[in-house]
Amino acid sequence: MNQEDYATEEAYEAGPAAGDDSEATRRDAGEAESSRASRGWWDRNADEYQNEHGAFLGDDRFVWGPEGLDEAEAALLGPAASLKGKDVLEIGAGAAQCSRWLAAQGARPVALDLSHRQLQHALRIGDDVPLVEADAGRLPFRDGSFDLACSAYGAVPFVADPVNVMREVRRVLRPGGRWVFSVTHPVRWAFPDEPGPEGLSVAASYFDRTPYVEQDEQGRAVYVEHHRTLGDRVRDVVSGGFRLLDLVEPEWPAWNSQEWGGWSPLRGNLIPGTAIFVCERD
């Protein structure tokens with residue numbers, strides 16, 4: 001999973017607090033600047049991310065978000081038995097935990113991530129899954145290479161042109177292929193990214209699409225996250241050539257007592273934190 005604090009990279013979303021040498025602001029950020037910032041941020045923060053969240057993510061578990069919705073239970077890619085022999089692309093894979101779960105079901109996953117350091121963590125855990133370092137907007141695969149594609153808080157929240165990512169995913173999928181991705185629920189952008197009561201009061205316009213940017217003293221972006229409304233996300237999916245089959249908003253389960261950035265039992269029981277889009281290529 002990767003990336004606002006869950007990220008991914010984790011991805012699972014809403015940007016991390018600004019560091020000592022960075023300033024948080026809202027301003028435009030284009031595709032090249034966003035990609036450069038994401039690569040640098042995840043290379044610098046991969047160690048901390050895996051140390052802090054590795055136990056929750058596991059080495060071979062497929063979790064869709066901080067709520068803990070497990071693919072073994074949700075079957076959003078299809079029943080586990082149907083995954084055997086399928087070619088699957090995981091985008092924004094981080095340390096490839098989801099891909100390892102897919103491999104255990106008999107699938108043939110490929111784990112792709114922008115961050116070299118995240119993929120080093122994937123190698124640390126094991127070398128049983130093919131790894132590719134690449135940008136989600138320029139997938140280095142032939143047309144029709146995969147049966148399924150997935151992303152748990154990876155790539156989509158951090159790109160300036162999500163439709164381009166959708167079109168790239170569609171290109172590498174075979175006809176009828178399923179594309180499932182999770183992002184921070186868009187409604188969260190109207191609330192402070194805080195796990196306590198202060199995170200329950202609307203503080204900004206839900207309709208403000210200005211990116212969240214952390215920048216250094218020279219004004220260079222070191223972290224970028226892009227906001228899209230729920231309607232925007234649906235239109236991105238359709239513009240990318242997919243049919244939306246389902247929109248899943250996981251409820252916070254009673255067993256989950258953890259806080260993860262702005263995700264917490266308090267907020268999770270009142271407002272949605274994750275949106276999962278289940279899409280199909282015609």
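Since we're looking at a predicted model, the values are computed, not measured. (Residues numbered from 1 in each chain as written. Predicted model: local features only at pLDDT ≥ 70, side-chain atom pairs only at ≥ 80, totals over all residues. Heavy atoms only, no water.)

### Concerning the pairing of strand β3 (residues 108-113)
Note the following rule: Throughout, exposure labels follow a simple rule: accessible area from a 1.4 Å probe, protein chains only, divided by the maximum for the residue type, with under 20% read as buried, over 50% as exposed, and the rest as partly exposed. Only DSSP runs of H or I reaching four residues or more are called helices, and only runs of E reaching two or more are called strands; each is numbered from the N terminus. Pairing between two strands requires that DSSP report at least two bridges joining them. Crossover handedness is defined by viewing with both strands directed away from the observer: a clockwise path from the first strand over the helix to the second marks the crossover as right-handed.
Within β3, five of the six residues are buried, which leaves the element mostly enclosed by the surrounding structure. By the bridge criterion, five bridges tie strand β2 (residues 87-91) to β3 in an arrangement that is parallel. For Asp87, the partnering residue across the bridge sits in β3 and is Arg108. The β-α-β motif built from β2, the intervening helix α3 (residues 97-104) and the parallel element β3 has right-handed crossover chirality. With three bridges connecting them, β3 and strand β4 (residues 131-133) associate as parallel partners. For Asp113, the partnering residue across the bridge sits in β4 and is Glu133. Taken together, β3, helix α4 (residues 116-125) and β4 constitute a β-α-β crossover, and its handedness is right-handed.

### Considerations on helix α6 (residues 230-239)
Test applied: Our arc is simply the arc of the directions from the helix axis toward the C-beta atoms. Contacts are assigned to residue pairs with any non-hydrogen atoms lying within 4.5 Å of each other.
Within the sequence span of α6, burial applies to Asp232, Arg233, Asp236 and Val237. Mapping the buried residues of α6 onto a view down its axis gives an arc of 140°, with all of them on the same face. As for α6, its buried residues are in contact with α5 (162-172), β6 (173-184), β9 (242-248) and β10 (274-281). Positive phi shows up at Gly241, right after α6, with a value of about 95°.

### A short note on the pattern of salt bridges
Spelled out, the test is: Any Lys or Arg side-chain nitrogen located within 4 Å of an Asp or Glu carboxyl oxygen qualifies as a salt bridge.
Counted according to the given criterion, the structure contains 18 salt bridges. With its nearest N and O atoms 2.9 Å apart, the salt bridge here joins Arg27 to Glu33. For Arg243, the salt bridge goes to Asp282, with nearest N and O atoms at 2.9 Å. One end of the pair, Arg243, is in strand β9; the other, Asp282, is in the segment after β10, and 39 residues separate them in sequence. Given a relative accessible area of 38%, Arg243 falls into the partly exposed group. Overall, Asp282 belongs to the exposed group, its relative accessible area being 51%. If you follow the salt bridges from partner to partner, you end up with Asp87, Arg108, Asp147 and Arg174 in one network.

### A closer look at the packing of α5 against α6
Applied cut-off: For helices, the fitted line uses only the C-alpha atoms of the stretch in contact; every axis is such a line through C-alpha atoms, and the angle between N-to-C directions lies from 0 to 180 degrees. An angle below 35 degrees is read as roughly parallel, one above 145 as roughly antiparallel, one from 65 to 115 as roughly perpendicular, and any other as oblique. Crossing handedness is read from the near helix: turned anticlockwise from the far helix by less than a right angle, it gives a left-handed crossing, and turned clockwise, a right-handed one. Basically, the charged four are Asp, Glu, Lys and Arg, the nonpolar ten are Ala, Val, Leu, Ile, Met, Phe, Trp, Tyr, Cys and Pro, and anything else, Gly included, counts as polar.
At a closest axis distance of 8 Å, the pairing of α5 and α6 adopts a crossing angle of 40°. Relative to α6, α5 is oriented oblique. Of the two possible hands of crossing, α5 and α6 adopt the one that is right-handed. Contacts from Pro162, Val163, Met166 and Arg167 of α5 reach α6 at Arg233, Asp236, Val237 and Ser239. Residue classes in the contact of α5 with α6 are distributed as four nonpolar, one polar and three charged.

### A look at the side chain of Arg188
Condition: None of His or the chain ends enter the tally, which takes Lys and Arg as positive and Asp and Glu as negative. Polar contact is the term for a pair of N or O atoms within 3.5 Å; when the atoms are in protein, one must be able to donate a hydrogen and the other to accept it, and sequence-neighboring residues count only if both atoms are side-chain atoms.
Within the secondary structure, Arg188 is located in the loop between β6 and β7 (212-215). Of the side chains with opposite charge, Glu67 comes closest to the buried, unpaired Arg188, at an N-O distance of 5.4 Å. Separated by 3.5 Å, the side chain of Arg188 and the backbone oxygen of Gly262 make a polar contact. Setting aside residues no more than four positions away along its own chain, Arg188 makes contact with Gly262, Trp263, Arg267, Gly268, Ile271, Pro272 and Gly273.

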